[in-house]
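# Summary of the model geometry
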Amino acid sequence: MAADILADAKSMATTLEASDEFQALSDAYDKMKQNDEAYKTFQEFQSTQLSLQQKQMQGQNLSEDEMNNARELATKFGNFEEIKTLMQKEEAVNNLLNELNNVITKPIQDLYRK
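Here is a short report on the structure shown in this document.

The rules behind these values
Residues numbered from 1 in each chain as written. Predicted model: local features only at pLDDT ≥ 70, side-chain atom pairs only at ≥ 80, totals over all residues. Heavy atoms only, no water. Salt bridge = Lys/Arg side-chain N within 4 Å of Asp/Glu carboxyl O. Helix = DSSP H or I, 4+ residues; strand = E, 2+ residues; numbered from the N terminus. Buried < 20%, exposed > 50% of the residue type's maximum accessible area, 1.4 Å probe, protein only. Expected span 1.5 Å × (residues − 1). Arc of directions from axis to C-beta. Contact = heavy atoms within 4.5 Å. Polar contact = N/O pair within 3.5 Å; in protein donor to acceptor, adjacent residues only side chain to side chain. Core = buried A, V, L, I, M, F, W, Y, C linked by side-chain atoms within 4.5 Å.

### Focus on the pattern of salt bridges
The tally for this structure, following the rule as stated, stands at three salt bridges. Ionic pairing is found between K55 and E66, a salt bridge with its closest N-O pair at 2.7 Å. Residue K55 is located in helix α3 (residues 36-57), and its partner E66 is located in helix α4 (residues 64-77); the two are separated by eleven residues in the primary sequence. With relative accessibility at 21%, the residue E66 sits in the partly exposed group. Here the salt bridges share partners, and the residues they tie into one network are K106, D110 and R113.

### Focus: α3
Between the first and last C-alpha of α3 there are 31 Å, a value that for 22 residues agrees with the 32 Å anticipated at 1.5 Å per step. Within α3 the residues assigned to the buried category are A38, T41, F42, T48 and L52. Taken end-on, α3 shows its buried residues confined to a sector of 140°, consistent with a single buried face. Of the exposed residues in α3, those oriented more than 90 degrees away from the buried face are D36, K40 and M57. Here the buried face of α3 lies against α2 (20-34), α4 and α5 (81-112). N-capping of α3 is provided by N35, with a side-chain oxygen placed 3.1 Å from the backbone N of E37.

### With respect to the nonpolar core
With ten residues, the main nonpolar core is built from L25, A28, M32, A38, F42, F77, F80, I83, L86 and V93. Secondary-structure elements contributing two or more residues to this core are α2, α3 and α5. Contacts of L25, omitting those with residues within four sequence positions, involve L86, K89, E90 and V93.

Here is the structure:
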């Protein structure tokens, strides 16, 4: 039975890749990568975000410098139209995934409502 669910999940991943939402995200990502400064800022933001998340998960406190750097990067991040568009397209994909999650987990929700 688990193999059937995993096969369905792989099929769903293929369907997701073909969706309008994913295609729009992919197009926005490609356009953002064409702007070297935007892409560099995007990569720096991702790296910083990952580093801060790892520290938090390990229970480490973030320094004031780290917090200030993250704020500055977030401000710089928002200055690029390509990145703003990418984030909007990512939000549309996330909304689709949330809807999918609600459909998939409905049997569990129904079970606990009995």
